[in-house]
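Residues per chain are reported as follows:
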Amino acid sequence: MAGIVLASGSPRRQELLELMGLAPFSIRVPEVDESYPPALCPEEIVRYLSRKKAAAVEAAADEIVIAADTMVFLDDARLGKPRDEAEALSMLTALQGRRHTVCTGVTVRRGTELVTQAETTAVRFRPASEAELRAYIATGEPMDKAGAYGIQGKGALLVDGIEGDFYNVMGLPVLRLSRMLAQFGITLL
(Lines give C-alpha, C1' and ligand atoms only; values in the text may rest on other atoms or scores of the structure.)
Protein backbone atom coordinates (compact mmCIF):
# COMPACT_ATOMS: atom_id res chain seq x y z
CA MET A 1 0.00 0.00 0.00
CA ALA A 2 1.18 3.53 -0.76
CA GLY A 3 2.26 5.68 2.16
CA ILE A 4 -0.72 7.36 3.81
CA VAL A 5 -0.53 10.90 5.20
CA LEU A 6 -3.28 12.18 7.48
CA ALA A 7 -3.44 15.97 7.17
CA SER A 8 -4.97 16.38 10.62
CA GLY A 9 -4.02 16.29 14.28
CA SER A 10 -7.46 14.97 15.27
CA PRO A 11 -7.22 11.94 17.57
CA ARG A 12 -10.65 10.84 16.34
CA ARG A 13 -9.54 10.84 12.70
CA GLN A 14 -6.41 8.91 13.66
CA GLU A 15 -8.56 6.33 15.46
CA LEU A 16 -10.84 6.00 12.42
CA LEU A 17 -7.94 5.48 9.99
CA GLU A 18 -6.68 2.73 12.29
CA LEU A 19 -10.18 1.21 12.38
CA MET A 20 -10.16 1.17 8.57
CA GLY A 21 -6.84 -0.72 8.54
CA LEU A 22 -4.78 2.17 7.16
CA ALA A 23 -2.11 2.13 9.90
CA PRO A 24 0.72 2.89 9.87
CA PHE A 25 0.30 6.40 8.53
CA SER A 26 2.09 9.71 8.91
CA ILE A 27 0.50 12.74 10.53
CA ARG A 28 1.22 16.17 9.05
CA VAL A 29 -0.94 18.93 10.47
CA PRO A 30 -1.57 21.64 7.86
CA GLU A 31 -1.23 25.31 8.73
CA VAL A 32 -4.10 26.96 6.85
CA ASP A 33 -6.31 29.98 7.12
CA GLU A 34 -9.77 28.45 7.57
CA SER A 35 -11.63 31.34 5.95
CA TYR A 36 -13.86 30.62 2.97
CA PRO A 37 -15.95 32.57 0.46
CA PRO A 38 -19.18 33.75 2.14
CA ALA A 39 -21.63 32.54 -0.51
CA LEU A 40 -20.87 28.83 -0.08
CA CYS A 41 -23.42 26.33 1.27
CA PRO A 42 -22.35 23.96 4.11
CA GLU A 43 -21.15 21.11 1.85
CA GLU A 44 -19.25 23.56 -0.37
CA ILE A 45 -17.56 25.08 2.70
CA VAL A 46 -16.23 21.76 4.02
CA ARG A 47 -15.11 20.62 0.56
CA TYR A 48 -13.30 23.96 0.05
CA LEU A 49 -11.52 23.71 3.41
CA SER A 50 -10.55 20.05 3.00
CA ARG A 51 -8.95 20.91 -0.37
CA LYS A 52 -7.05 23.79 1.27
CA LYS A 53 -5.77 21.43 3.97
CA ALA A 54 -4.73 18.75 1.46
CA ALA A 55 -2.86 21.33 -0.63
CA ALA A 56 -1.02 22.69 2.43
CA VAL A 57 0.66 19.36 3.26
CA GLU A 58 4.01 18.41 1.75
CA ALA A 59 3.98 14.87 0.37
CA ALA A 60 6.04 12.68 -1.92
CA ALA A 61 4.54 12.06 -5.36
CA ASP A 62 3.45 8.52 -4.43
CA GLU A 63 2.00 9.34 -0.97
CA ILE A 64 -1.76 9.48 -0.45
CA VAL A 65 -2.84 12.58 1.51
CA ILE A 66 -6.17 12.47 3.37
CA ALA A 67 -7.57 15.79 4.60
CA ALA A 68 -10.95 16.54 6.15
CA ASP A 69 -12.96 19.37 7.60
CA THR A 70 -16.07 18.87 9.75
CA MET A 71 -18.65 21.50 10.68
CA VAL A 72 -21.89 21.47 12.62
CA PHE A 73 -24.84 23.52 11.36
CA LEU A 74 -28.05 24.40 13.18
CA ASP A 75 -30.40 25.79 10.56
CA ASP A 76 -27.90 27.88 8.57
CA ALA A 77 -25.72 28.87 11.53
CA ARG A 78 -22.29 27.26 11.90
CA LEU A 79 -21.44 25.97 15.36
CA GLY A 80 -17.68 25.78 15.80
CA LYS A 81 -15.67 24.76 18.84
CA PRO A 82 -16.84 26.65 21.92
CA ARG A 83 -14.50 29.33 23.25
CA ASP A 84 -15.56 28.75 26.84
CA GLU A 85 -18.11 26.94 29.01
CA ALA A 86 -20.72 29.68 28.55
CA GLU A 87 -20.57 29.31 24.77
CA ALA A 88 -20.73 25.50 25.11
CA LEU A 89 -23.88 25.86 27.21
CA SER A 90 -25.38 28.23 24.65
CA MET A 91 -24.68 25.79 21.79
CA LEU A 92 -25.97 22.74 23.65
CA THR A 93 -29.08 24.62 24.75
CA ALA A 94 -29.78 25.57 21.13
CA LEU A 95 -29.29 21.95 19.98
CA GLN A 96 -31.41 20.21 22.62
CA GLY A 97 -34.71 18.91 21.32
CA ARG A 98 -33.75 19.79 17.72
CA ARG A 99 -32.25 18.40 14.53
CA HIS A 100 -28.95 19.67 13.15
CA THR A 101 -26.51 18.58 10.46
CA VAL A 102 -22.87 17.57 10.55
CA CYS A 103 -20.98 18.07 7.26
CA THR A 104 -17.53 16.70 6.52
CA GLY A 105 -15.52 17.48 3.43
CA VAL A 106 -12.86 14.90 2.52
CA THR A 107 -10.04 15.31 0.04
CA VAL A 108 -7.74 12.52 -1.11
CA ARG A 109 -4.65 13.62 -3.05
CA ARG A 110 -1.73 11.84 -4.69
CA GLY A 111 0.58 14.20 -6.52
CA THR A 112 -1.67 16.36 -8.68
CA GLU A 113 -4.54 13.84 -8.69
CA LEU A 114 -7.28 15.04 -6.34
CA VAL A 115 -10.76 13.86 -5.33
CA THR A 116 -12.99 15.90 -2.99
CA GLN A 117 -16.41 14.91 -1.68
CA ALA A 118 -18.71 15.76 1.23
CA GLU A 119 -20.95 13.78 3.57
CA THR A 120 -23.88 15.15 5.58
CA THR A 121 -25.46 13.44 8.58
CA ALA A 122 -28.57 14.63 10.42
CA VAL A 123 -28.45 14.41 14.22
CA ARG A 124 -31.39 14.80 16.61
CA PHE A 125 -30.79 15.80 20.23
CA ARG A 126 -33.24 14.86 22.93
CA PRO A 127 -34.63 17.56 25.21
CA ALA A 128 -32.20 18.01 28.13
CA SER A 129 -32.27 20.03 31.31
CA GLU A 130 -29.78 22.81 32.00
CA ALA A 131 -28.40 20.70 34.87
CA GLU A 132 -27.70 17.81 32.46
CA LEU A 133 -26.00 20.14 29.97
CA ARG A 134 -23.86 21.72 32.71
CA ALA A 135 -22.88 18.24 33.98
CA TYR A 136 -21.81 17.29 30.45
CA ILE A 137 -19.81 20.49 30.07
CA ALA A 138 -18.10 19.77 33.42
CA THR A 139 -16.61 16.60 31.86
CA GLY A 140 -14.54 18.86 29.57
CA GLU A 141 -15.51 16.78 26.55
CA PRO A 142 -17.38 19.55 24.65
CA MET A 143 -14.54 22.06 24.68
CA ASP A 144 -12.56 20.86 21.63
CA LYS A 145 -15.46 19.75 19.46
CA ALA A 146 -17.56 21.49 16.83
CA GLY A 147 -21.09 21.90 18.14
CA ALA A 148 -19.79 21.35 21.70
CA TYR A 149 -20.34 17.58 21.79
CA GLY A 150 -18.69 14.29 20.93
CA ILE A 151 -21.03 11.54 19.79
CA GLN A 152 -18.38 8.91 20.54
CA GLY A 153 -18.25 9.93 24.22
CA LYS A 154 -20.70 11.10 26.84
CA GLY A 155 -22.27 13.36 24.22
CA ALA A 156 -24.02 10.20 22.98
CA LEU A 157 -26.30 10.57 26.02
CA LEU A 158 -27.77 13.69 24.40
CA VAL A 159 -28.39 12.14 20.97
CA ASP A 160 -31.87 10.83 20.21
CA GLY A 161 -30.95 9.52 16.76
CA ILE A 162 -29.04 10.05 13.55
CA GLU A 163 -29.74 9.75 9.84
CA GLY A 164 -26.57 8.94 7.93
CA ASP A 165 -22.99 7.98 8.70
CA PHE A 166 -22.20 7.76 12.43
CA TYR A 167 -18.46 8.11 11.76
CA ASN A 168 -19.10 11.33 9.86
CA VAL A 169 -20.32 12.86 13.13
CA MET A 170 -16.98 11.82 14.65
CA GLY A 171 -15.18 13.69 11.87
CA LEU A 172 -14.50 11.23 9.05
CA PRO A 173 -17.07 9.37 6.89
CA VAL A 174 -15.30 6.00 6.62
CA LEU A 175 -17.50 4.45 3.91
CA ARG A 176 -17.15 7.49 1.64
CA LEU A 177 -13.40 7.64 2.30
CA SER A 178 -13.01 3.93 1.47
CA ARG A 179 -14.74 4.51 -1.88
CA MET A 180 -12.54 7.52 -2.58
CA LEU A 181 -9.39 5.51 -1.77
CA ALA A 182 -10.54 2.81 -4.19
CA GLN A 183 -10.21 5.43 -6.95
CA PHE A 184 -6.50 5.54 -6.04
CA GLY A 185 -6.15 1.75 -6.14
CA ILE A 186 -6.46 1.19 -2.37
CA THR A 187 -9.04 -1.45 -1.48
CA LEU A 188 -9.66 -2.10 2.19
CA LEU A 189 -11.68 -5.35 2.01
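Residues numbered from 1 in each chain as written. Predicted model: local features only at pLDDT ≥ 70, side-chain atom pairs only at ≥ 80, totals over all residues. Heavy atoms only, no water.

Mind showing me how you'd approach the overall build of the protein chain here?
Looking only at helices and strands, one finds 6 helices and 7 strands in the protein chain. Listing each helix as α and each strand as β along the protein chain from the N terminus yields β-α-β-α-β-β-α-β-β-α-β-α-α. In terms of overall dimensions, the protein chain is globule-like: its C-alpha atoms have a radius of gyration of 17 Å, near the 16 Å expected for 189 residues. Dimensions of the protein chain along its principal axes, counting C-alpha atoms only, are 50 × 35 × 25 Å. Across the 189 residues of the protein chain, 47% fall into the buried class. Taking contacts inside the protein chain between residues at least 6 apart in sequence as the whole, the part at least 24 apart equals 67%. Carbon and sulfur atoms form 50% of the exposed surface of the protein chain, whose accessible area is close to 9,100 Å². A gap of 2 Å separates the mean positions of the 21 positive and 25 negative side-chain charges of the protein chain. (Helix = DSSP H or I, 4+ residues; strand = E, 2+ residues; numbered from the N terminus. Rg over C-alpha atoms; globule rule 2.2 N^0.38 Å. Buried < 20%, exposed > 50% of the residue type's maximum accessible area, 1.4 Å probe, protein only. Contact = heavy atoms within 4.5 Å. Areas by Shrake-Rupley, 256 points an atom, 1.4 Å probe, with all protein chains shown as cover. Lys, Arg positive; Asp, Glu negative; His and termini not counted. Charge placed at Lys NZ, Arg CZ, Asp CG, Glu CD.)

When you look at the nonpolar core in this model, what are you seeing that I'm missing?
If you look at the biggest cluster of nonpolar residues, it comprises 42 residues, and the most contacted ones within it are L17, I66, L92, Y149, L177 and L181. If we skip the residues at most four places from it in the chain, I66 touches I4, V5, L6, A7, L17, L22, T107, L177 and L181. Counting 7 residues, the second largest nonpolar core, distinct from the first, contains L49, M71, F73 and C103. (Core = buried A, V, L, I, M, F, W, Y, C linked by side-chain atoms within 4.5 Å.)

How do you make sense of the packing of aromatic side chains when you look at a structure like this?
In this description, a pair of aromatic rings is defined by centroid distance and the angle of the planes. Evaluated as defined, the whole model comprises 2 aromatic pairs. Each ring, one from F125 and one from Y149, has its centre 4.8 Å from the other, and the planes form 70°; the classification is edge-to-face. On the criterion of sequence distance, the pair formed by F125 in strand 6 (residues 113-125) and Y149 in the loop between helix 4 (130-138) and strand 7 (159-163) is long-range, its members being 24 residues apart. Residue classification places Y149 among the buried residues on the basis of a relative accessible area of 5%. (Phe/Tyr/Trp six-rings, centres within 6.5 Å; stacked < 30°, edge-to-face > 60°.)

Please explain the pattern of salt bridges as it appears in this structure.
Any two side chains of opposite charge can pair, so long as their charged atoms come close to each other. Going through the model one piece at a time under the given rule, you end up with 14 salt bridges. Linking K53 and E34 is a salt bridge whose minimum nitrogen-to-oxygen distance equals 3.9 Å. Of this pair, K53 sits in helix 2 (residues 42-55) while E34 is found in the loop between strand 2 (26-27) and helix 2, placing the two residues 19 residues apart along the sequence. Overall, K53 belongs to the buried group, its relative accessible area being 10%. (Salt bridge = Lys/Arg side-chain N within 4 Å of Asp/Glu carboxyl O.)

Any chance you could explain the environment of A94 here in plain terms?
Here A94 is to be found in helix 3 (residues 85-95). A relative accessible area of 30% places A94 in the partly exposed class. A94 sits 31 residues away from F125 along the chain, and the two C-alpha atoms are 9.9 Å apart.

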